[in-house]
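A look at the structure
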Amino acid sequence: MQPQPLYKRILLKLSGEALMGDESFGISPNIINQIVSEIKKILELKVQLAIVIGGGNIFRGISLGDQGMTRATGDYMGMLATVMNSLALEDAFNKNKIVTRVQSAVNINQIVEPYVRAKSLQYLNENKVVIFSGGTGNPFFTTDTAAALRASEIDADIMIKATKVDGIYTDDPVKNKNATKIDRLNYDEAITKNLKVMDATAFTLCKEQNMPIGVINIFDKDSLYNFITSKESKSGTLVTR
């Protein structure tokens, strides 16, 4: 018997870097197919899914800002990178017969439709996957913040941040082998312990809206599926009130 999902409507945040695989730049078709395969498992549970994807695999405005480029210009270029990633992800979904719509906070109507909340909700109710691109449409805000904002706007039950790490740790597990994974914690604990859940603006928005935050490793087989189907699952970390 198929388990019942704990969440009906999910906002999934994917980093652009996740699409690179072992490459140092660009998009790996094999990695995209792997991600789509993991997402397809939860769609079979009839959850409604929206996605926000970063653009760091193509362009990172902050680093170029440090080299003299105007931060706003760099951020606008980063927004366009998220559109490119969204189109690649949409193509992979379509090849798997998953109906998908891409919306952009930056108006480029010849390529994707503009973000309209009412239209997004309509698509979700029709069980179409909605990919939000273009960040918030404004410079100086990260795609983490865009994800928190869109999750709040569509009344998502949870925002799940899909990374290369299987949850939140007491320290950077790559640098500190003694770091331990935290399965559950509340917003205040995350702040007090200075745990890097996401940028401060995004985290604050989630806290104010009482939006649960999940952190999983999208490349661990069935981690996303297990996280949304079992309260006892050790996949990922859950941050709540």
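Data block above holds the structure.
Structural notes, computed from the coordinates. All of these numbers come straight from a predicted model, not from anything done at the bench.

A separate point is the overall build of the protein. A tally of helices and strands in the protein yields 8 helices and 11 strands. In terms of principal-axis extent, the alpha carbons of the protein reach across some 45 × 45 × 35 Å. When each of the 241 residues of the protein is scored for burial, the buried share is 51%. Of the contacts made within the protein by residues no fewer than 6 positions apart, 73% connect residues no fewer than 24 positions apart. Working note: accessible area of the protein is about 11,800 Å², and carbon and sulfur atoms make up 50% of it. Between the mean site of the 28 positive side-chain charges and the mean site of the 26 negative ones, the protein shows a separation of 4 Å.

Our next topic: the side chain of lysine 161. Within the secondary structure, lysine 161 is located in strand 6 (residues 158–163). Under the relative-accessibility criterion, lysine 161 is labelled buried at 15%. Of note is the side chain of lysine 161, whose polar atom sits 3.4 Å from the backbone oxygen of valine 197. For lysine 161, the residues in contact, after removing those within four places along its chain, are Lys13, Asp144, Val197, Met198, Gly214, Val215 and Ile216.

Moving on: the packing of aromatic side chains. Evaluated as defined, the whole model comprises 2 aromatic pairs. Seen from their ring centres, tyrosine 115 and phenylalanine 132 are 5.5 Å apart, and the 80° between their planes marks the pair as edge-to-face. Here tyrosine 115 is found in the loop between strand 4 (113–114) and helix 4 (117–125), whereas its partner phenylalanine 132 is found in strand 5 (residues 129–133), with 17 residues between them in sequence. Of the two residues, tyrosine 115 and phenylalanine 132, neither departs from the other in class, the shared state being buried. Judged by centre distance (5.8 Å) and plane angle (70°), the ring pair of tyrosine 187 and phenylalanine 203 falls under edge-to-face. Taken as a pair, tyrosine 187 in helix 6 (residues 187–192) and phenylalanine 203 in helix 7 (residues 200–208) lie far apart in primary sequence, 16 residues in all. Exposure class is identical for tyrosine 187 and phenylalanine 203. Each is buried. In this arrangement the basic side chain of arginine 101 is found over the ring face of tyrosine 123, its NZ or CZ atom lying 5.6 Å from the centre.

Looking now at the pairing of strand 10 (residues 213–217). For strand 10, the buried fraction is high: 5 of the 5 residues fall into the buried class. Here strand 10 shows a buried face lined by Ile213, Val215 and Asn217 and a second buried face lined by Gly214 and Ile216. The sheet contact formed by strand 6 and strand 10 spans 5 bridges and is parallel. Bridged to lysine 161 within strand 10 is valine 215. The pairing of strand 10 with strand 11 (residues 237–240) spans 3 bridges and is classified as antiparallel. Looking at strand 11, one finds that glycine 214 is bridged to leucine 238.

Moving on, we get to unusual backbone geometry. One non-glycine residue, lysine 97, adopts positive backbone phi at about 60°. Considering the arrangement of structural elements, one finds lysine 97 in the loop between helix 3 (71–95) and strand 3 (100–104). Residue class for lysine 97 comes out exposed when judged on its relative accessible area of 78%. One non-glycine residue, aspartate 222, lies in the positive phi region at around 70°. Topologically, aspartate 222 is positioned in the loop between strand 10 and helix 8 (223–229). Assessed through its relative accessible area of 24%, aspartate 222 is described here as partly exposed.

The rules behind these values
- Residues numbered from 1 in each chain as written.
- Predicted model: local features only at pLDDT ≥ 70, side-chain atom pairs only at ≥ 80, totals over all residues.
- Heavy atoms only, no water.
- Helix = DSSP H or I, 4+ residues; strand = E, 2+ residues; numbered from the N terminus.
- Buried < 20%, exposed > 50% of the residue type's maximum accessible area, 1.4 Å probe, protein only.
- Contact = heavy atoms within 4.5 Å.
- Areas by Shrake-Rupley, 256 points an atom, 1.4 Å probe, with all protein chains shown as cover.
- Lys, Arg positive; Asp, Glu negative; His and termini not counted.
- Charge placed at Lys NZ, Arg CZ, Asp CG, Glu CD.
- Polar contact = N/O pair within 3.5 Å; in protein donor to acceptor, adjacent residues only side chain to side chain.
- Phe/Tyr/Trp six-rings, centres within 6.5 Å; stacked < 30°, edge-to-face > 60°.
- Lys NZ or Arg CZ within 6 Å of the ring centre and 35° of its normal.
- Pairing = 2+ DSSP bridges.

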